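Secondary and tertiary structure notes
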Amino acid sequence: MNNVRFSRSLPYAVIGLLAMFPMLDSTFYTQLLSKVLIMAIFAMSLDLLVGYTGLVSFGHAAYFGLAGYVLALLAAKFEAVSLWWSLPAAIGICVAFALATGMLVLRTRGIYFIMVTLAFAQMLFFVFHDTKLGGGSDGIYIYTKPTMNLGDTVLVNLEKLDQFYWLVLFCTAGTYFLLRRILGSSFGRALMGIKVNEHRMRALGFPVFRYQLASFALAGGLGGLAGYLAAVQFGFVNPEILSWHQSGAVLMMVILGGMGTLHGAVIGAFAFVLLQEVLSNQAWFGIAAKHWQLAMGILIMLVALYLPQGLAGLMNKFQRKPPPEAEEGADV
Amino acid sequence: MDLAFFLIQLLNGLQYGLLLFLVSSGLTLVFGIMGIINLAHGSFYMVGAYLAWSLASMTGNLATAILLAIPLTVVLGMALERLLFRHLYSRDHLYQVLLTYGLILVFEELRSLIWGDDVHGVAVPALLNASIPLTENLSYPVYRLAISGVCLLLALALYFLIQKTRLGMMIRAGASNRDMVQSLGIDIKLIYTLVFALGVALAAFAGMINAPLSSVTPNMGSHVLIICFVVVVIGGIGSVKGAMAASLMIGLAETFGQVLVPEVAGMIVYVLMAIVLVWRPEGLFGRK
Amino acid sequence: MSEAILRTEGLTKRFGGLVAVSDVSLDLHVGEVHVVIGPNGAGKSTLTNLLSGDLPATSGRVMLDGRDIAGLSSDQISRMGVGRSYQKTNIFLPFTVFENARLAAQSRTPYALRVFSGAEQYEAINALASSALESAGLAHRAQRVAATLSHGEQRQLEIAMCLATQPRVLLLDEPLAGMGPHESQRMVELIGKLRSDHAIMLIEHDMDAVFALANRLTVMVNGEVLETGSPEQVRSSPAVQAAYLGGEELLHE
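Residues numbered from 1 in each chain as written. Chains lettered and ligands numbered in written order. Predicted model: local features only at pLDDT ≥ 70, side-chain atom pairs only at ≥ 80, totals over all residues.

**Notes on the overall build of chain B**
- Along the backbone of chain B there are eleven helices and two strands.
- Computed over the C-alpha atoms, the radius of gyration of chain B is 19 Å, within 12% of the 19 Å expected from 2.2 N^0.38 for a compact globule of 288 residues.
- Along the three orthogonal principal directions, the C-alpha set of chain B runs to about 65 × 50 × 35 Å.
- Looking at the 288 residues of chain B, the share that counts as buried comes to 47%.
- For chain B, the share of sequence-separated contacts (at least 6 apart) that also reach a separation of at least 24 residues comes to 75%. (Helix = DSSP H or I, 4+ residues; strand = E, 2+ residues; numbered from the N terminus. Rg over C-alpha atoms; globule rule 2.2 N^0.38 Å. Buried ≥ 20, exposed ≤ 12 C-beta atoms within 10 Å, placed from the backbone. Contact = placed C-beta atoms within 7 Å.)

**Describing the overall build of chain A**
- When helices and strands are counted, chain A shows 14 helices and four strands.
- Over its C-alpha atoms chain A spans a radius of gyration of 20 Å, differing by no more than 12% from the 20 Å that the globule rule assigns to 332 residues.
- The dimensions of chain A, computed from C-alpha atoms along their principal axes, are 55 × 45 × 40 Å.
- Partitioning the contacts of chain A with sequence separation of at least 6, the portion at a separation of at least 24 is 76%.

**Quick word on the nonpolar core**
- Formed by 281 residues in total, the largest nonpolar core has its most connected members in Ala52 and Leu98 of chain B.
- The residues that make up this core include at least three from each of domain 1 (1–81 + 167–253) and domain 2 (90–166) of chain C.
- Setting aside chain neighbours within four positions, we find Ala52 of chain B in contact with Leu62, Ala65, Ile66, Ala69, Val122, Gly207, Met208 and Ala211 of chain B. (Core = buried A, V, L, I, M, F, W, Y, C linked by C-beta atoms within 7 Å. Domains from an automatic or database assignment.)

**Describing the sheet that holds strand S9 (residues 199–203) of chain C**
Residues and elements named next belong to chain C.
- One open sheet accounts for six strands, arranged S7-S8-S9-S4-S10-S11; its pairing is mixed. Two strands in the sheet have a free side with no partner beyond their single neighbour: strand S7 (82–85) and strand S11 (224–229). Across the sheet, the axes of successive neighbouring strands diverge by a mean angle of 15°, strand direction being ignored.
- As paired elements, strand S4 (residues 33–37) and strand S10 (residues 216–221) share four bridges and run parallel to each other. Within the sheet, the bridge partner assigned to His34 lies in S10 and is Arg216.
- The sheet contacts of helix H1 (residues 44–52) involve S4, S7, strand S8 (169–173), S9 and S10, and relative to S8 the element is tilted by about 150°. (Pairing = 2+ DSSP bridges. Axes fitted to C-alpha atoms, helices over the stretch in contact; angles between N-to-C directions.)

**What to know about the interface of chain A and chain C**
- Facing the 24 residues of chain A at the interface are 31 residues of chain C.
- Every element with two or more residues in the side of chain A that touches chain C is listed here: helix H6 (161–184), helix H7 (186–196) and helix H8 (198–203) of chain A.
- Along the lines of polarity and charge, the residues of the side of chain A that touches chain C split into ten nonpolar, eight polar and six charged. (Nonpolar A, V, L, I, M, F, W, Y, C, P; charged D, E, K, R; others polar.)

**A few points about the packing of helix H10 (residues 240–260) of chain B against helix H11 (residues 265–279) of chain B**
All names here are of chain B.
- Axis separation between H10 and H11 bottoms out at 8 Å; the angle between their running directions is 150°. Put simply, H10 runs roughly antiparallel to H11. H11 is crossed by H10, and the crossing has right-handed handedness. On the side of H10, the interface is formed by Met249, Ile250, Ala253, Glu254, Gly257 and Gln258, while H11 contributes Ala265, Ile268, Val269 and Leu272.
- Here the contact of H10 with H11 is built from residues that sort into seven nonpolar, two polar and one charged. (Parallel < 35°, antiparallel > 145°, perpendicular 65-115°, else oblique. Left-handed = near helix turned anticlockwise from the far one by under 90°.)

**Comments concerning the arrangement of the chains**
- The assembly contains two pairs of chains in contact; the pair sharing the most contacts is chains A and B.
- Nothing in chain B touches chain C, and the closest approach of their C-alpha atoms is 12 Å.

**Overview of the pairing of S9 of chain C**
Residue and element names in this part refer to chain C.
- Counted residue by residue, S9 has five buried out of five residues, so it is predominantly covered.
- The alternating pattern of S9 places Ala199, Met201 and Ile203 and Ile200 and Leu202 on opposite faces, both of which are buried.
- Pairing geometry for S4 and S9, over four bridges, is parallel. Residue pairing for S9: Val36 is matched across the bridge by Ile203.
- Where S8 lies against S9, five bridges are found, and the strand directions are parallel. Note on S9: the bridge partner recorded for Leu170 is Ile200.
- Between S8 and its parallel partner S9, the chain crosses via helix H6 (residues 181–194), and the hand of that crossover is right-handed. (Right-handed = clockwise from strand over helix to strand, strands pointing away.)

**A short note on the environment of Ala69 of chain B**
Residue and element names in this part refer to chain B.
- The topology assignment puts Ala69 in helix H3 (residues 62–83).
- Taking the C-alpha atoms as reference, Ala69 lies 10.0 Å from Ser54; in sequence the two are 15 residues apart.
- Every residue in contact with Ala69, bar those within four places of it in the chain, is listed here: Gly48, Leu51, Ala52, Leu55 and Met208.

**Section: the pairing of S10 of chain C**
- Burial analysis of S10 of chain C places five of its six residues in the buried class, which makes it a mostly covered element.
- Between S10 of chain C and S11 of chain C, which follow one another and run antiparallel, lie two residues, and Asn222 of chain C among them has a positive phi close to 50°.

**Observations regarding the confidence of the model for chain B**
- Taken over all residues, the pLDDT of chain B has a mean of 89, while the share at 70 or more is 95%.
- Listed scores for the predicted complex are pTM 0.90 and ipTM 0.89. (pLDDT = per-residue confidence, 0-100.)

**Some details on helix H10 (residues 244–257) of chain A**
Residue and element names in this part refer to chain A.
- Across its 14 residues, H10 extends 20 Å between first and last C-alpha, which sits within 8% of the 20 Å expected from 1.5 Å per residue.
- Among the 14 residues that make up H10, 13 are buried, leaving the element largely enclosed by the rest of the structure.
- Backbone geometry just after H10 places Gly258 at a positive phi near 115°. (Expected span 1.5 Å × (residues − 1).)

**Quick word on the interface of chain A and chain B**
- Every contact between the two is made by 39 residues of chain A and, on the other side, 35 residues of chain B.
- By residue class, the composition of the side of chain A that touches chain B is 28 nonpolar, nine polar and two charged.

**Re unusual backbone geometry**
- For Leu262 of chain A, which is not glycine, the phi torsion reads 70° and is therefore positive.
- Relative to the helices and strands, Leu262 of chain A is located in the loop between H10 and helix H11 (263–279).
- In this structure, Glu174 of chain C is a non-glycine residue whose phi angle is positive, near 50°.
- As for its position among the elements, Glu174 of chain C is in the loop between S8 and H6.
- The class of Glu174 of chain C is buried, set by 20 C-beta atoms lying within 10 Å.

**Here's the deal with the environment of Tyr101 of chain B**
- Position of Tyr101 of chain B relative to the elements: it lies in helix H4 (residues 93–115).
- Given 23 C-beta atoms within a 10 Å radius, Tyr101 of chain B is considered buried.
- Through-space distance from the C-alpha of Tyr101 of chain B to that of Asn38 of chain B is 8.4 Å; in sequence the pair is 63 residues apart.
- Leave out the neighbours within four places in its chain, and Tyr101 of chain B touches Gly248 and Ile300 of chain A together with Leu39 of chain B.

Pasting the structure below:
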């Protein structure tokens, strides 16, 4: 029973520790950690689809990038845009895009689904790459970060790194607890049922398509939240943020950490971003750092071949616990 | 739009479509027969183009370069199937996606290490470096016609291979019933290796012959890959006939789109795909 | 006699050139077990799939409470009160036995969109799941992972899930297949008990069970109805006896 209490309180402890991080007063690491936490939101949103609903999307970067572009287009050149309405607008547009494409992509299954999600993400890529709408391949700068005011008082000043970091941490924790809640509900249980045996769920009377669409839209909205925050952090958007490399990277995070566990997505985001930093560190690897993607590619292949349950599965192995799902991968 | 101009665009569209067919036929065969998704298929196209460029600059002759490069790509395909893809046939698509995504990164970096990140041009072979005059100031390059001819020949050969030969019979049987084929004593593993190598060689060959037309650029693989996914979705997984129909459709749509509505040309293929998904989610020639 | 709750009229299913179900008309009444028998490949499972909406019919009608449901999707038909079990066990292997039944019970409730309340806090659903497991004789296995059950127990779970959806019409596709004698006996008793307030279609090979339960018997051969009527009528039908090669298989008790 102690074990249960420990694992229940662990997320709070982690959040508490993370909240104190800016006290170390290291701009570099606070920025890095902000990036990690943003990616954690992004990875959790994909885990909802891949790990819980059984939908392998290879176009999840579309929502990440779309929300960033929404912010960039809303942000006027000289006056800061209000976070109060620009964030809901960005998320809302992502949800709408997810609903529209979801209606189409959810008509397909398996390999088709993977290809079609990728293709629609790529369509969006070309919209921003080829047209003048989003500044073409150069992208757009976001000169002033959004403001978060209540009346005349500034609640959060996003120009200040510490405050931005806390906002990101708040959003990450919020996403985690929101998804935990949802996955524990009747709705979440139905999603898991669909992942394991879609046909039986239908025979039991569940309108599977609607559940999948709801999950797809929710994942799109949360992906948008991550993309919005990322755009605030980096101060510019370009088509690369919705390229398929981004979709591949986030899928890697989900699997690396252990899909279908939620905290696995967070661990995966940590591991992936840190790995990326280390491998591309010129001080350590010199000229090889330029080709860090080679090492990353090999690592991704090794994970796919030898670590299908990710780091979470590895930990289970060491603790000699049986994996949570008896026949993972057999449920196709 | 006058007739000569229209004719040129038509020929260009067909040539582009036929080239797409070379790449996507291998992709759809591998999907249909082995049931695996291969994101790295575009990399084979890129490898073909770079091989053609580097061997052509060594030997001074594109034809020689292609003859040298084809066996290399077949060996590459066989090695990849034996070492990597074989382990994925029984696995969830998720891991196929992840592994082949990793493979793309590896290919991209190896390309950067071996050949660098520059854009290169390949000269059209002297023999084919001519134009057929259509009107006073419009003409059509012979090399493009030659490419279309070669692609058509290969498409016919592929049709003959699949429909008329014993190997093709085994391939078709393997696509519909793996256990049955194995119980007949056919070496399914060998067939898989051959089909995969065929797919790699076709994609690479497309990259080689197209090298003189479009420059050899680092990210040429990924664009082709996505378009080929759209081809496979429209044509239907595993259907070579569907790949042909969809390739020509997209080849023409893109070519005419670039001329008539350049602003939205990039999106036309996706709109086509969306229409097909609404109308026939299993693709034009797909099995339900 | 009561009005039929589910009735088919000229139901036909073609797969390409093959006619799997041909012009089948039958009806199901509350308080009756309608058994469908026939050799393998006679189209019995296809018939079930047509009734449950798993497959679309080529032609013909399926009337539920006087409304044509042919062409509706399987989830719609399920929500209208038609429950089915599968010949090949079709359950959620990684979940606990209770969760299997709970999910089935949940499908009948309007709570699906309350996304912030824990799934297990709905007493009505839990009670429904528990009583379905109780009926199927699996209450003592509630906390086991379904994949670890014996084959016979998985068959019982299959039935329990079907019951937890509170259907009025039950389509049972060979529920006894792979069960031991003790479990079979229990299942026959359960189906007998369910008869009073359900309309049941039962596909079964076990002739002891067939004659223990059948109020009405239909024999299918090559997708067609060969004979239908009371068990006695069917047993004495010359056509049936001919089809069963001397009738030994059918008549042996």
